[in-house]
Structure formats: C-alpha cells, structure tokens
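These are the residues of each chain, in order.
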Amino acid sequence: MSNSNIKNVILFNSNLSIDDIKDFLEQSSTLIISFDLDSNKKLEQNKIPYKKSDNWINENEYKNIQNHVYKLSYWFDDPKIIEDLKYDGINLGELFLGDLLYYLPGFISNFMKIKNIFSEFSNSHFYANGIFHDIVNNFTLNLINLKSKSIERSSNKMEFNIKVLNKNIHLNMPESQYFLLKKNMEKFLNYFLNFKKLSENNNLLLVNFHTERYASLFENSKDHPMKLFIYNTVMPNFWNYNTFSTIKKSKCHIINDPSLSSSLKIKCQEKISNFKNQSKQYWNKEDFFESFFKYENISFWTPFKEYFFNLFENKIPDYIIQIEKIKVILNKYKIKNILIWSETNPIDLIFLQLRNQYGHKVFKLQHGYYPESQTSHNFTRAFRIYGLKS
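Residues numbered from 1 in each chain as written. Predicted model: local features only at pLDDT ≥ 70, side-chain atom pairs only at ≥ 80, totals over all residues. Heavy atoms only, no water.

1. Considerations on the packing of aromatic side chains
The cut-off we apply is this: Two rings belonging to Phe, Tyr or Trp (six-membered ring only in the last case) form a pair when the distance between their centres is within 6.5 Å. Interplanar angles under 30 degrees mark stacking, angles over 60 mark edge-to-face geometry, and anything in between is tilted. Each helix is a run of H or I in the DSSP string that is no shorter than four residues. Each strand is a run of E no shorter than two, and both are numbered from the N terminus. Exposure classes here rest on a 1.4 Å probe applied to the protein chains alone. A residue is buried below 20% of its type maximum, exposed above 50%, and partly exposed in between.
All chains considered together, the criterion is met by 43 aromatic pairs. Aromatic pair Trp75 and Phe289: ring centres 6.4 Å apart, planes at 50°, arrangement tilted. Taken as a pair, Trp75 in the loop between α2 (59–72) and β4 (86–87) and Phe289 in helix α9 (residues 286–292) lie far apart in primary sequence, 214 residues in all. Owing to a relative accessible area of 0%, Trp75 belongs among the buried residues under this scheme.

2. What about the pattern of salt bridges?
Where we set the bar: We define a salt bridge as a side-chain nitrogen of Lys or Arg found within 4 Å of a carboxyl oxygen belonging to Asp or Glu.
The full count for this structure, using the stated rule, is ten salt bridges. For the salt bridge of Lys271 with Asp88, the shortest nitrogen-to-oxygen distance reads 2.9 Å. Taken together, the residues span a long stretch of sequence, with Lys271 in helix α8 (residues 262–283) and Asp88 in the loop between β4 and β5 (90–91) at a distance of 183 residues. A salt bridge links Glu343 to Lys364; the nearest nitrogen and oxygen atoms lie 3.9 Å apart. Within this pair, whereas Glu343 is found in the loop between β15 (337–340) and α11 (346–353), its partner Lys364 is found in strand β16 (residues 361–364), the two being separated by 21 residues in sequence. Its relative accessible area of 35% is what places Glu343 among the partly exposed residues. The partly exposed category is assigned to Lys364, whose relative accessible area is 39%.

3. Thoughts on the confidence of the model for the protein chain
So the rule is basically this: pLDDT expresses how confident the predictor is about each individual residue, on a scale running from 0 to 100. Contacts are assigned to residue pairs that have any heavy atoms within 4.5 Å of one another.
Looking at the protein chain as a whole, the pLDDT averages 82, with 80% of positions reaching at least 70. A low-confidence stretch, residues 151–155 (pLDDT under 50), is modelled with one contact involving residues beyond four sequence positions or located in other chains. Ignoring residues within four places in sequence, the model shows residues 368–390, a span with pLDDT below 50, making 31 contacts including any to other chains.

4. Considering the packing of α2 against helix α3 (residues 97–120)
Helix-helix packing is characterised by the crossing angle of the two axes and by the distance between the axes. Rules: Interaxial angle, 0 to 180 degrees, is taken between N-to-C directions of lines fitted to C-alpha atoms, where a helix line uses only the stretch in contact. Roughly parallel refers to an angle under 35 degrees, roughly antiparallel to one over 145, roughly perpendicular to one between 65 and 115, and oblique to any angle outside these ranges. Throughout, a crossing is termed right-handed when the near helix is turned clockwise from the far one, and left-handed when it is turned anticlockwise from it by less than a right angle. Residues were grouped as follows: Ala, Val, Leu, Ile, Met, Phe, Trp, Tyr, Cys and Pro as nonpolar; Asp, Glu, Lys and Arg as charged; and all remaining residues, including Gly, as polar.
Contact geometry for α2 and α3: axes closest at 9 Å, N-to-C directions at 135°. The orientation of α2 with respect to α3, classified from their angle, is oblique. For the pair α2 and α3, the crossing hand works out as right-handed. Here Tyr62, Ile65, Gln66, Val69, Tyr70 and Leu72 of α2 come into contact with α3, specifically with Leu100, Leu101, Leu104, Pro105, Ile108, Ser109, Met112 and Lys113. Considering only residue class, the contact of α2 with α3 consists of eleven nonpolar, two polar and one charged.

5. What about the packing of α3 against helix α10 (residues 301–333)?
Look at α3 against α10: their axes get within 12 Å of each other, and the N-to-C directions meet at 170°. It follows that α3 is roughly antiparallel to α10 by the angle criterion. Where α3 abuts α10, its residues Asp99, Leu100, Tyr103, Leu104, Phe107 and Phe111 lie against Pro303, Phe304, Tyr307, Phe308, Leu311, Lys315 and Tyr319. The residue inventory of the contact of α3 with α10, partitioned by class, reads eleven nonpolar, no polar and two charged.

6. Description of the nonpolar core
To keep it simple, the criterion reads: The nonpolar core is taken to be a set of buried Ala, Val, Leu, Ile, Met, Phe, Trp, Tyr and Cys residues, with the residues joined through side-chain atoms within 4.5 Å.
Judged by nonpolar contacts, the single largest core of 74 residues is most densely connected at Trp75, Ile108 and Phe300. The dominant element in this core, judged by the number of residues it contributes, is α10, at 13 residues. Setting aside residues no more than four positions away along its own chain, Ile108 makes contact with Ile65, Val69, Leu72, Tyr295 and Phe300. Leu206, Phe218, Leu228 and Ile230 belong to the second largest nonpolar core, which has 15 residues in total.

7. Thoughts on the sheet that holds strand β3 (residues 51–52)
Adjacent strands of a sheet form backbone hydrogen bonds with each other and so pair up, either parallel or antiparallel. Going by this rule: Paired strands, in this sense, are two strands between which DSSP finds at least two bridges.
In spatial order, the strands read β3-β2-β1-β6-β7; together these five strands make up an open sheet with parallel pairing. A strand with exactly one partner marks an edge of an open sheet, and here the two such strands are β3 and β7 (143–145). Pairing of strand β2 (residues 30–34) with β3 involves two bridges; the strand directions are parallel. Bridging from a neighbouring strand, Ser34 pairs with Lys52 of β3. Across the sheet, α3 lies against β1 (8–12), β2 and β6 (125–128), angled at about 170° from β1, the strand it touches most.

Written out as structure tokens, the structure is:
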C-alpha cells in the first residue's frame, strides 16, 4: 500500500487495548504502528497487521539521543534557573536527575519516531492517546484522541517475600503498612541487640545497602574499630534468619526512619507551601524551558511539560520531608563517613549535597556496577579506604 492510500495512522501502545481500535480494523486504508513489545504481542495474538515504530529510527539516532539526554538531565545547573531551585542550600532540581535519565531516552526516541512518521504521512489522520497524542499535536492538528475503554488501576502496594521456617511467604500490603512494619521491626532489632553508644569520630554510614548481598562486609566489620550504621529507606534490613543473623553478628546499628516532631512537621508544611508558591514563578519561565528542552533544534517542551510539572509537584513535598529527616539523623549520630551508591538516587544526593553543611565525607560507587558479576571479587576493595577487611 502506497503512502498516499494511508488515510488513518494509529499509534498503538500498551495503554490501549484491541477494543480501542476495533472500529478501524476493517479499513484497508489504516496503518497501525506499534510502540512497544506488549503492543506487538497483542497485535500478533489477534493477527492484526502492523509495523514497528523502530522502522522510523536507526541505531545511530538512539546513541545520539542517549548522549544528548545527559546534557538535558542537568537542566538544574543552568544559571538562569539554579537559584530558584534552592532549598536550604540544596538544589532540589538535582534530586530529579535519575527520573530524567530514565524517562527522557524513551520520550525523545518516541518524539523523533513520530516526527519521522508524520513526515511520511503528513496528509493522514492520526489517532493516539496520552503522551503520544501530545507529541503528535506538536506537528499537526489533524489528530483524534483515542480514549482507552480499559480501566487503569494504580496501586500503592508493596510486594515482597520473607522466609519463615524454610517457607517462602509472599506479602502484599499498602505502602503505609509496609513502612510501619519495617520501622517497628528495626526498633525491635536495635532494642534486642542492646547497642552501646558508638564512636562519633570513627563510623561509617551505609545508605540503602542490601544486607544479604554484602553479608561478608557486615560480618567483617565487627572486627574493626570503625562501626557501621545502616540507613535503608525502602528495602528492609532483614527479612529472614540469615539477614537477621548478619545484622546481629555485625553489631551494625540500624538507623530508623526518624519521626519528625510536631513543630518540625508544621515547619516542613510551611516550607513546602512556600516553595510551591515560589515555584509558580519559575514555571512561568517558558522561554527558558522552551529553548532548553529541545533535540535537533526542535523543542519538545510542550508535550514534555505536563510530565515534568507533575513529577516536580508530586515529589517535592516528600523530598523536603526527607531532607529534614536526614538532617535529624546527621545531628543525632554525628556521622563522619558515608558510602552511597551513585549520584542519581535522591537520598544519596541529599547526603551528598549536605556534606558541606555537616562536614561528613561522602564516598560513592559508580552507578551501573554489578556486584553479581565475576568482578565482584574486587568490589570489597572499595572498602579498604575505611580499613575494613575484604
């Protein structure tokens, strides 16, 4: 079928079902373009002809996009915006580095695919939903929004496995219950082990370290005067007998997620409110965002800004509260040395940015290092700077 015979172009993705496009399936003048593996499977299972969106982009383009994403993800360092993002000396924009490094490659890839698709079928009617609709709208108004008939259900639940008496138990619970359970378990362990006061001048805090994966590190630390603290914000510190035993033998001090005082909670809410009011001013800097977020001299700010604003508005309150909690930890325990994973995790970045205010040293491991690989034998060399045995 020649391009001139294509009247309808459907951009099919995993948020759509076959029912959403069934009215077009009998029309020979319709082209369906799939944007992900799940969509490929749906279409193939229903024996519906389609083309893959990868046909409209090449491998070199993917590499160019990835290289450009690194520059875009550091938007928060631009002199035109940096001062507006400061909260008690911390650049809040940097806490979203990991989010953008994850989201932008796929977004820009789809943006360029759709640009190329539109160049080829500029006289056709386009049908799309969600972010695909917003991107197409950047190129043409000859567009119809496909509304999915399926109901999307979001769940703020945590799923994990624990081992009790050689039996694996799968648990599924709301986030609030999970974190309450985690906090109480950690309080119990600290009480059970009856920790003595630890040295304020010779200690090391591990941030979000997996107890089982680094069992040898924890166990060897007990023979060294440098005492270990651990602060895990999401994963539990122990979930079976082995991890419980590891923590017990290491005498590692678990730092519980601190509870904020009533006055500090009120202060946090005031700061969150003040920052949100302040943020309205720099969200109006359309010229900056329009000129900064572009690829190949084409701005993608218009379809991108809803995601960007929602991300910022939804996470800022949690980040401000987390900053205040980490300040409580640093004031209470007088941590001198901190080991973090990377410069993309928000919690790691908070510890990193607070180092000048609190005088602690921060050491980081390179993101992307896989300790399960053959090179894992060299991994513990990183800890020799602390005098720990490998």
